[in-house]
Amino acid sequence: MFDRIALIGIGLIGSSLARVIEREKIATNVVVSTRSEKTLKRAEELRLGTHYTMDAAEAVKNADLVIISVPVGASGAVAAQIAASLKPGAIVTDVGSTKASVIRQMKPELPSNVHFIAGHPVAGTEYSGPDAGFASLFEGRWCILTPDEDTNPEALQKLSAFWTACGSDVQTMDAVHHDQVLALVSHLPQLISYNIVGTASDFETVSQADVIKYSASGFRDFTRLAASDPTMWRDVCLHNKDAILEMLARFSEDLSSMRASIRRGDGDALFELFTKTRSIRRSIIEAGQDVDTPNFGRTPHKD
Ligand SMILES: NC(=O)C1=CN([C@@H]2O[C@H](COP(=O)(O)OP(=O)(O)OC[C@H]3O[C@@H](n4cnc5c(N)ncnc54)[C@H](O)[C@@H]3O)[C@@H](O)[C@H]2O)C=CC1
Ligand SMILES: O=C(O)C(=O)Cc1ccc(O)cc1
């Protein structure tokens, strides 16, 4: 599909891409680049690529596809670093969890003779680094691409075909819309997790031992998300600020209303809310997304 792919950043997402590119024979040459010597050495031990360099500009030379998999706050700096070395006609993309800010940072840095299309595979785990990746990460998961009015249709088609080969279902979306949707379904749950685990750790009358010993599966799910990479999530918060603040405001309002229902002893209001939310979960299951298996969130299975 491609002669040469450059992977800039080789953590969970970059290394999962490296593994699926190898498994599906998507490229002949895979150049791996990262800024830390230790990570690059580990990537080499894991045989994640065919070439390795700490110089991102060197890595992108002659690459047909360049995939930037770094925390979203670093996208602009990486784009500036590679700009002068990109091959004319190359496709440049990213995998960041926020899109409008990444486009704002990267687009002005890149030359007009390359095709830049931002993207986001909606697939991940709480682990990070090159050891954490696996080839099936993107299988049956959405990959959202956010082309704009300047996007070349052929380049978009090629990038879509790449993600399809990685196992994803591709959806195109406006970047601002992406950021609003993801603020609700991904960023807000992540922040609720940080908050609830933080609340539990600050509680004076409940010991840490009790928290661990009696934690029901609901709390354990929050601790999983709260174990995610702090740099990545700090950057998401700083780079999707408006949409996240809006979702947090709505969430706080609804939480206050629930609190008032409990204080007033308004069982009917509580029952009505809990019935409504239960039907939402059931409609997700009916849509083919089985929430009781590790495949939750994956797109419906197609025979
Ligand atoms: N972890 C997840 O579940 C998901 C993450 N993403 C997005 O993918 C991107 C990468 O995330 P992960 O692979 O999970 O992170 P990671 O922490 O596993 O790997 C990050 C990589 O970026 C490099 N890096 C870090 N800071 C850098 C900087 N300032 N300049 C240049 N390189 C730098 C690191 O050396 C490493 O190679 C992020 O933008 C994140 O928002 C998207 C979907 C899921
Ligand atoms: O581990 C989980 O449950 C996730 O939700 C992973 C994840 C994190 C960030 C993204 O932008 C997309 C997916």
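Conventions used here
- Residues numbered from 1 in each chain as written.
- Chains lettered and ligands numbered in written order.
- Predicted model: local features only at pLDDT ≥ 70, side-chain atom pairs only at ≥ 80, totals over all residues.
- Heavy atoms only, no water.
- Helix = DSSP H or I, 4+ residues; strand = E, 2+ residues; numbered from the N terminus.
- Expected span 1.5 Å × (residues − 1).
- Buried < 20%, exposed > 50% of the residue type's maximum accessible area, 1.4 Å probe, protein only.
- Arc of directions from axis to C-beta.
- Polar contact = N/O pair within 3.5 Å; in protein donor to acceptor, adjacent residues only side chain to side chain.
- Patch = residues over 30% accessible without salt bridge, like charges linked within 9 Å, V, L, I, M, F, W, Y side chains within 5 Å.
- Areas by Shrake-Rupley, 256 points an atom, 1.4 Å probe, with all protein chains shown as cover.
- Salt bridge = Lys/Arg side-chain N within 4 Å of Asp/Glu carboxyl O.
- Near = heavy atom within 4 Å.
- Nonpolar A, V, L, I, M, F, W, Y, C, P; charged D, E, K, R; others polar.
- Domains from an automatic or database assignment.
- Core = buried A, V, L, I, M, F, W, Y, C linked by side-chain atoms within 4.5 Å.
- Contact = heavy atoms within 4.5 Å.
- Axes fitted to C-alpha atoms, helices over the stretch in contact; angles between N-to-C directions.
- Parallel < 35°, antiparallel > 145°, perpendicular 65-115°, else oblique.

Where an unreviewed UniProt entry is consulted, the protein appears under the name Prephenate/arogenate dehydrogenase family protein, with the organism given as Ahrensia kielensis.

(A) Quick look at helix α6 (residues 153-165). In this model α6 runs 18 Å from its N-terminal to its C-terminal C-alpha over 13 residues, within 8% of the 18 Å that 1.5 Å per residue would give. All of the buried residues along α6 are Ala 155, Leu 156, Leu 159, Ser 160, Phe 162 and Trp 163. For α6, the arc enclosing every buried residue in end-on projection is 155°, short of the 170-degree limit, so these residues lie on one face. The outward face of α6, more than 90 degrees from its buried face, is lined by the exposed residues Pro 153, Glu 154 and Gln 157. At the N-terminal end of α6, a side-chain oxygen is found 2.8 Å from the backbone nitrogen of Glu 154, two or three residues along, and the residue is Asn 152. Looking one or two residues past α6, Gly 167 carries a phi angle of roughly 105°, positive in sign.

(B) The arrangement of a nonpolar patch on the surface in detail. Together, Leu 255, Met 258, Ile 262 and Phe 274 make up a nonpolar patch on the protein surface, roughly 380 Å² of accessible area in all. It is helix α11 (residues 241-264) that provides the largest number of residues to the nonpolar patch, a total of three residues.

(C) Structural view of unusual backbone geometry. Phi at Arg 47 takes a positive value of approximately 55°, unusual for a residue other than glycine. On the secondary structure map, Arg 47 appears in the loop between α2 (37-45) and β3 (51-53). Phi is positive for Asn 62, close to 70°, though the residue is something other than glycine. Overall, Asn 62 belongs to the exposed group, its relative accessible area being 53%.

(D) Spotlight on the site of ligand 2. In the vicinity of ligand 2, the contacting residues are Ser 97, His 120, Ala 123, Gly 124, Thr 125, Arg 224, Leu 225, Met 232 and Trp 233. Between Ser 97 and ligand 2, the recorded distance is 2.7 Å, taken from a side-chain N or O atom to an oxygen atom. Here an oxygen atom of ligand 2 and a side-chain polar atom of Arg 224 are 2.7 Å apart. If ligand 2 stood free it would expose 340 Å²; the protein chains cover 80% of that surface. For the shell around ligand 2, the elements supplying multiple residues, two or more each, are α9 (217-226) and α10 (230-239). Residues that form the shell around ligand 2 fall into these classes: four nonpolar, four polar and one charged. Here the shell around ligand 2 spans two domains, since at least three of its residues come from each of domain 1 (2-173) and domain 2 (177-286).

(E) Representation of the nonpolar core. Counting 35 residues, the largest nonpolar core has Ile 5, Leu 7, Leu 17, Ile 21, Phe 138, Phe 162 and Trp 163 as its most contacted members. When contributions to this core are tallied by element, the ones reaching two or more residues are β1 (2-8), α1 (12-23), β2 (27-33), α2, β4 (65-68), β8 (142-146) and α6. Per-element tally for this core: the top contributor is α1, with six residues. Apart from residues no more than four positions distant in its own chain, Leu 7 is found in contact with Gly 14, Leu 17, Ala 18, Ile 21, Val 30, Val 31, Val 32, Ser 33 and Ile 67. With 25 residues, the next largest nonpolar core counts Val 60, Val 66, Ile 82 and Phe 116 among its residues.

(F) A look at the packing of helix α7 (residues 175-202) against α9. Running from N to C, α7 and α9 point in directions that differ by 110°, and their axes come no closer than 8 Å. In terms of orientation, α7 and α9 fall into the roughly perpendicular class. Packed against α7, whose contacting residues are Pro 189, Gln 190, Ile 192, Ser 193, Tyr 194, Ile 196, Val 197 and Ala 200, the element α9 presents Phe 219, Phe 222, Thr 223, Leu 225 and Ala 226 at the interface. Taken together, the residues of the contact of α7 with α9 sort by class into 10 nonpolar, three polar and no charged.

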